[in-house]
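If you want the building blocks of each chain, they are given just below.
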Amino acid sequence: DDLYRVREYLEALAVLEAMPNLDEADFARLATILYEAERHVGNVSEFLISSRKFYEAIAAATGNGVLQRVLAPINDQVRIVGAMLIGAHAARMTEVCGENGEILRALMARDEAAAVAAVRAHVRNARAHVATMLAQDRAMVFVNPPGAPA
């Protein structure tokens, strides 16, 4: 929960700082990254790589090296959790594509409030999915736990 709360605020800051620096070429690059992610829906590893490029490009556009360095280890942790989440709930890949599309549309419209709302919605949805996954995992009962005699 702490990871996602910190991520939410830092990524909201990133879209606000990136927005004035983005031009049409940047928007085209972000759209290409999203298209690449959409093409990889169904392939967890490739999807996660493509999806993270989107956020890394936004962070890079901030020009804020401190923000980029603070976000990097957070994003590393998110990748690990995201791999487990998406591996267990493949439909989340399509949801992420839609959420990232909302972020891009808000950036292109230069609508700060919409961009922050879209980032927060995306991170909150991810956090909710992780919470659900963890609750389900805790509720699992092993008839034959791994390593137990059959």
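Shown above is the structure to which this text applies.
All of these numbers come straight from a predicted model, not from anything done at the bench.

Caption draft 1: Local environment of the nonpolar core. In this structure, Tyr4, Val15, Leu30, Phe54, Ile58, Ile103 and Leu107 are the most contacted members of the largest nonpolar core, which totals 37 residues. For this core, the elements supplying multiple residues, two or more each, are α1 (2-18), α2 (24-39), α3 (44-62), α4 (65-88), α5 (91-108) and α6 (112-139). Here the element with the most residues in this core is α6; it accounts for eight residues. Contact partners of Val15, with chain neighbours within four places excluded, come to Ile58, Ile103, Leu107, Ala115, Val116 and Val119. One finds Ala37, Leu48, Met93 and Cys97 within the second-largest nonpolar core, a separate group that totals seven residues.

Caption draft 2: Quick peek at unusual backbone geometry. Unusually for a residue other than glycine, Arg110 sits at a positive phi of about 55°. With respect to the secondary-structure elements, Arg110 resides in the loop between α5 and α6.

Caption draft 3: Structural detail: α5. A rise of 1.5 Å per residue sets the reference length of α5, with its 18 residues, at 26 Å; its end C-alpha atoms lie 26 Å apart and thus fit the reference within 8%. Taken together, the buried positions of α5 are occupied by Arg92, Met93, Val96, Cys97, Glu99, Asn100, Gly101, Ile103, Leu104, Ala106 and Leu107. Just past α5, the residue Arg110 takes up positive phi, approximately 55°.

Caption draft 4: Geometry of empty space enclosed by the protein. Overall, the coordinates contain two cavities of 30 Å³ or more when judged by the stated rule. Contributing to the lining of the largest cavity are 15 residues, with Leu48, Val78, Gly82, Ile86 and Val96 lying nearest its centre. Here the lining of the largest cavity gets five residues from one element, more than from any other, and that element is α4. Here the lining of the largest cavity is built from residues that sort into eight nonpolar, three polar and four charged. In this model, the second largest cavity occupies a volume close to 70 Å³. In terms of lining, the second largest cavity is formed by Glu11, Ala14, Val15, Tyr55, Ile58, Ala59, Leu71, Asn75, Ile103 and Val119. Elements that contribute at least two residues to the lining of the second largest cavity include exactly α1, α3 and α4. Here the residues of the lining of the second largest cavity are counted per class, giving eight nonpolar, one polar and one charged.

Cut-off values and rules
- Per chain, the residues get numbers from 1 upward, laid out in the order the sequence is written.
- It should be noted that, the model being predicted, local features are given only for residues of pLDDT at least 70 and side-chain atom pairs only at 80 or more, the latter also being counted only at that level, while totals for whole chains, interfaces and linings use all residues.
- Remark: hydrogens and water are excluded; side-chain values derive from all non-hydrogen atoms of the structure.
- By nonpolar core we mean a set of buried residues, namely Ala, Val, Leu, Ile, Met, Phe, Trp, Tyr and Cys, connected to one another through side-chain atoms within 4.5 Å.
- Only protein chains enter the accessibility calculation, which uses a 1.4 Å probe; a residue is then buried when its area is under 20% of its type maximum, exposed when over 50%, and partly exposed in between.
- Comment: elements are numbered from the N terminus, with helices defined as DSSP H or I runs of at least four residues and strands as E runs of at least two.
- Here, two residues are considered to be in contact whenever any of their heavy atoms come within 4.5 Å of each other.
- Any helix carries an expected span of 1.5 Å times its number of residues minus one.
- Detection works on a 1 Å grid of protein atoms alone, calling trapped sets that fit a 1.4 Å probe cavities and calling open sets with protein on both sides within 12 Å along at least five of seven lines pockets, with lining residues defined by an atom within 4 Å of a point.
- Grid points are joined across faces, edges and corners, and a volume is the space filled by probe spheres set on the points.
- Throughout, the ten residues Ala, Val, Leu, Ile, Met, Phe, Trp, Tyr, Cys and Pro are labelled nonpolar, Asp, Glu, Lys and Arg are labelled charged, and all others, Gly among them, are labelled polar.

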